[in-house]
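Structure assessment
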Amino acid sequence: MDKQSVHGMWSSRTAFILAAAGSAVGLGNIWRFPYLTSDNGGGAFVLVYLACIAAVGLPILFAEVLIGRHGRQSPINTLLNLARETGHSKAWAAIGVMGMISAILILSFYSVVAGWTLHYSWLYLQQLFGGAGIEDAGATFGDLLASPGTLLFWHSVFMLLTIGVVALGVEKGLERTVRLLMPTLLILLLVLVGYGISTGYFGQAVAFLFTPDFSKVDGSVLLAALGQAFFSLSLGLAGMMAYGAYLPRNVSIPHAGVAIALTDTGIALLAGLAIFPVLFNFGMSPTGGGPGLIFTTLPMAFADMWGGVFYGLAFFGLLTVAAWTSSISLLEPPTAYLVERTELTRRQSALLGGAVVWLLGLLTLLGFNVWSEVKIGGRDLQGAIEFVASDIMLPLGGLLVSLYAGWVLDKRITHNELPQLNEGLYQAWRWTVRVIAPLLVLYILVNKFSG
Ligand code: TRP
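Along each chain, the written sequence defines residue order, and numbers are assigned to residues from 1. Where local features are concerned, this predicted model is filtered to residues with pLDDT of at least 70; where side-chain atom pairs are given and counted, the filter is 80 or more; whole-chain, interface and lining totals use all residues. Processing note: side-chain calculations cover all non-hydrogen atoms of the structure and skip hydrogens and water entirely.

1. Let's talk about the overall build of the protein
Of regular secondary structure, the protein possesses 18 helices and zero strands. Taking 451 residues into account, the globule formula puts the C-alpha radius of gyration at 22 Å, and the protein, at 21 Å, falls close to it. Seen through its C-alpha atoms, the protein measures out along the principal axes to roughly 65 × 50 × 45 Å. Each residue's exposure class comes from its accessible area (1.4 Å probe, protein chains only) as a fraction of the maximum for that residue type: buried when under 20%, exposed when over 50%, partly exposed otherwise. Of all 451 residues assigned to the protein, the portion counted as buried reaches 60%. Numbering goes from the N terminus for both helices and strands, where a helix is a DSSP run of H or I of at least four residues and a strand is a run of E of at least two. Every radius of gyration here is taken over C-alpha atoms, with the globule rule written as 2.2 Å times N^0.38, N being the number of residues.

Quick look at the structure:
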C-alpha cells in the first residue's frame, strides 16, 4: 500500500528528474569539477570520477530515493516511521538528523558563494549598459571579500530567492522553477561551449579532459574523485531521500537515477569544455585555481576577449541558476520537517529554516573580513564549516544510508521499490550497498582522519 505525502508530489517522471538533476548540478559541477580535474591529472581523474559515480554514487542514489519514496515524509520522520513499521532501532533516524544539520551548514556557505555569482552577474550587466564592470578581476574579488555589506546584501538576496521557491511548495515552487531554469542552464552552457569551440583551443581542452595518464592515479586522486562524486550527486545528507518522498510510484528509480547521474556528469564535462578552451586561449594555467579559477582567472580572460561581457554575463548567470536549483534542495528537508512537526505553515517553515541558514551564513561572510584572523584547525571559518559538513558529515551519512539500505531495511521493501531490476542487477545493487560502497567510503574517511 502506498502512503501519501502531505507536501504534494512531482507531477511526472520528467519533473522529478529535472528537480533531482537541478539539485545535483550546482557550484560543484561548474566550479569544483574543472579545477579538481586540472589538479588531479586531467583525463585520469575524469575516468576515476566516472567509475566512482557508477560504483558508489548511483547505488547510494537509488538507496536514498527508494527509502524516501517508501516513507513519503521528511527524512527524519520517514526513518522513525520505518522503525515503527519494521521494528528496527529508532537510532537510524540519526541519518536524518545529521543530514538536516549538514544541509543547513552547507547551504550557509553555499548561499554566500552563490551571492558572489549574483554580484558578478550584476557587474557584467552594468558593464553591458556602459558601466565600469570588471577591469581588474583580482581586485574585484579581493574588494568583494573585504566588504561585509556587499557580501551580506547578495547572501540575503540569494536566500530570499531560495526561501521564495521553497515557500511555494513542491509543484508551484520547486517543480515550476526547475522546469524553467534547467533548460535555461543547458542553453547558456551550450552557448559557452560553442564559444569554446570557436577559440581554436577546443581540441586541447578535449585532450586535457579525456586523455588519461594513469601514472597520475594515486590514492589522493581516488579520494578526490570519490568525494566529488558524493558532493556532485547531492548524496549523504538525505536530500535525495526528501525528493524521493514526492516521487510517484510508477516511476522507475533505476531509470530516473541513471538519467540524473548522466545529466550531472554530462554538465560537469560540458562545463570543463566551456572553461578550459578560454583558459588555454589566454595562455593561463588551469591548475591550482580553487575559488580563484572562476572568480579571478576567468574574468581576466573575459576582459581581454571580444564579447567578453556577454560571455561573463552568461557564465555567471549560469552559475547563479545552477546554485539556485541546488539550494532549494538543501532547504527542502528542514522545511518539510518543520511542516510535519509544528503548527507552522509551509511558508512560515521555509522562512524559519531560511532565517537560521541566513544567520549561520554570517559566520562564513565575516570570516572573510572582520574575523579573518579566526582559524579553526588551520582553516578560516568558511573552510572549517565546509570541511566538517562536506568532508566528514556527507561521507558518514552516505556510509550509514548504504548500510541501512543493505543490512537493516527489509529486503522485501527494497525489492518492491526496484521492480525494474532483474534478479541479477538487484543482487548487484544489494551487495554494492552492503559491502562495496561502505568499504570505499570508509576508505575516504580513514584517509581524511589519518591524513
Ligand atoms: N550537488 C550540488 C553541487 O554540485 C550541491 C548540493 C545540493 C549538495 N544538495 C546537496 C551536496 C546535498 C551534498 C548534499 O553543487
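2. Examining the pattern of salt bridges
The working definition used for a salt bridge is a side-chain nitrogen of Lys or Arg within 4 Å of a carboxyl oxygen of Asp or Glu. Under the definition given, this model contains six salt bridges. The residue Lys3 makes a salt bridge to Glu85 at a minimum N-O spacing of 3.4 Å. Of this pair, Lys3 sits in the segment before helix H1 (13-24) while Glu85 is found in helix H4 (residues 75-86), placing the two residues 82 residues apart along the sequence. With relative accessibility at 26%, the residue Lys3 sits in the partly exposed group. One salt-bridge network, held together by shared partners, links Arg69, Arg249 and Glu417.

3. Looking at the packing of helix H7 (residues 148-167) against helix H14 (residues 308-341)
Their axes nearest at 9 Å, the elements H7 and H14 cross at an angle of 60 degrees. When the axes of H7 and H14 are compared, the pair comes out oblique. The handedness of the crossing between H7 and H14 comes out as right-handed. Counting all contacts with H7, which are made through Phe158, Leu161, Thr162, Ile163, Val165 and Val166, the residues of H14 involved are Thr320, Ala323, Trp324, Ser327, Ile328, Leu331, Glu332 and Thr335. Residue classes follow a fixed rule: Ala, Val, Leu, Ile, Met, Phe, Trp, Tyr, Cys and Pro count as nonpolar, while Asp, Glu, Lys and Arg count as charged, and any other residue, Gly among them, counts as polar. Classifying every residue of the contact of H7 with H14 gives nine nonpolar, four polar and one charged. Interaxial angle, 0 to 180 degrees, is taken between N-to-C directions of lines fitted to C-alpha atoms, where a helix line uses only the stretch in contact. The cut-offs work like this: below 35 degrees is roughly parallel, past 145 is roughly antiparallel, 65 to 115 is roughly perpendicular, and the gaps in between are oblique. Handedness of a helix crossing follows the sense of rotation of the near helix relative to the far helix, less than a right angle counterclockwise being left-handed and clockwise being right-handed. Here, residues are in contact when the closest pair of their heavy atoms is within 4.5 Å.

4. Observations regarding the nonpolar core
Among the buried residues, those of types Ala, Val, Leu, Ile, Met, Phe, Trp, Tyr and Cys that are joined through side-chain atoms within 4.5 Å form a nonpolar core. Counting 159 residues, the largest nonpolar core has Trp10, Phe16, Ile67, Trp116, Phe315 and Trp429 as its most contacted members. Considering every element that reaches this core, the biggest residue donor is helix H5 (residues 94-128), with 18 residues. When sequence neighbours within four positions are dropped, the list of residues in contact with Phe16 reads Trp10, Val65, Tyr243, Gly244, Leu247, Ala256 and Ile260.

5. Concerning a nonpolar patch on the surface
Patch membership needs two things, relative accessible area over 30% and no salt bridge, and members are linked within 9 Å if like-charged or within 5 Å if nonpolar (Val, Leu, Ile, Met, Phe, Trp, Tyr). The Shrake-Rupley method, run with a 1.4 Å probe sphere, supplies the accessible areas, and residue values consider only the shown protein chains as cover. Side chains of Trp407, Trp431, Val435, Ile436, Leu439, Leu442 and Val446 sit close together on the surface and give an oily, nonpolar patch of about 670 Å² of accessible area. No other element matches helix H18 (residues 423-450), which puts six residues into the nonpolar patch. Mapped onto the secondary structure, Val446 falls in helix H18.

6. Considerations on the packing of helix H8 (residues 170-198) against H14
Direction vectors running N to C along H8 and H14 enclose 150 degrees, while the axes themselves pass 9 Å from each other. Looking at the two axes, H8 sits roughly antiparallel to H14. In this structure, the crossing between H8 and H14 has a hand that is left-handed. On the side of H8, the interface is formed by Val170, Leu174, Val178, Leu181, Met182, Leu185, Leu188, Leu189, Leu192 and Tyr195, while H14 contributes Tyr311, Ala314, Phe315, Gly317, Leu318, Val321, Ala322, Trp324, Thr325, Ile328 and Glu332. Taken together, the residues that form the contact of H8 with H14 break down as 18 nonpolar, two polar and one charged.

7. Some thoughts on the side chain of Ser5
Residue placement: Ser5 occurs in the segment before H1. Any N or O atom pair separated by 3.5 Å or less is treated as a polar contact, with the protein-specific requirement of one donor-capable and one acceptor-capable atom, and with residues adjacent in sequence counted only for side-chain atom pairs. At 3.0 Å, the side chain of Ser5 and the backbone nitrogen of His7 are in polar contact. From its side chain, Ser5 meets the backbone oxygen of Gly8 in a polar contact 3.1 Å long. Once you skip the residues sitting within four places of it in the chain, Ser5 turns out to touch Arg72, Ala245 and Tyr246.

8. As for the environment of Gly200
Here Gly200 lies in the loop between H8 and helix H9 (202-210). Gly200 sits in the exposed class, given a relative accessible area of 62%.

9. Observations regarding the site of the ligand
Note on definitions. A residue lies near a molecule or strand when any single heavy atom of the residue is within 4 Å of it. Taken together, 16 residues form the shell around the ligand, and within it Ala24, Gly28, Tyr110, Phe231 and Ser234 come nearest. Within the backbone of Ala24, one N or O atom sits 3.0 Å away from an oxygen atom of the ligand. Across the complex, the protein chains shield 100% of the 360 Å² of accessible surface that the ligand would expose by itself. Counting only elements with at least two residues in the shell around the ligand, the list comes to H1, helix H2 (27-39), helix H10 (219-232) and H14.

10. Observations regarding the packing of aromatic side chains
For this analysis, a ring pair means two rings from Phe, Tyr or Trp (six-membered ring only for Trp) whose centres lie within 6.5 Å, classed as stacked if their planes differ by under 30 degrees, edge-to-face if by over 60, and tilted for the remaining angles. Summed over the entire model, instances satisfying the criterion amount to 25 aromatic pairs. Judged by centre distance (5.3 Å) and plane angle (50 degrees), the ring pair of Phe33 and Tyr49 falls under tilted. With Phe33 in helix H2 and Tyr49 in helix H3 (residues 43-71), this pair connects stretches of sequence that are 16 residues apart. The buried category is assigned to Phe33, whose relative accessible area is 1%. With a centroid separation of 6.0 Å and 80 degrees between ring planes, the pair formed by Phe208 and Phe280 is classed as edge-to-face. With Phe208 in helix H9 and Phe280 in helix H12 (residues 253-281), this residue pair connects regions lying 72 residues apart in the sequence. Residue Phe208 is classed as partly exposed on the basis of its relative accessible area of 21%. In this structure Phe280 comes out as buried when scored by relative accessible area, which is 14%. The structure contains a cluster of three or more aromatic residues connected by ring pairs, namely Trp116, Tyr120, Tyr124, Phe141, Tyr195, Phe295, Phe302, Tyr311, Phe315, Phe316 and Phe368. To sit over a ring, a charge needs its Lys NZ or Arg CZ within 6 Å of the ring centre and within 35 degrees of the ring normal. The residue whose ring lies beneath Arg32 is Phe231, and the NZ or CZ to ring-centre distance is 5.3 Å. Taking NZ or CZ as reference, Arg434 lies 3.9 Å from the ring centre of Trp407, over its face.

11. Focus: the environment of Val357
Checked against the element boundaries, Val357 lands in helix H15 (residues 346-367). If we ignore the near neighbours within four places in the chain, the residues touching Val357 are Ile104, Leu107, Ser108, His155 and Met159.

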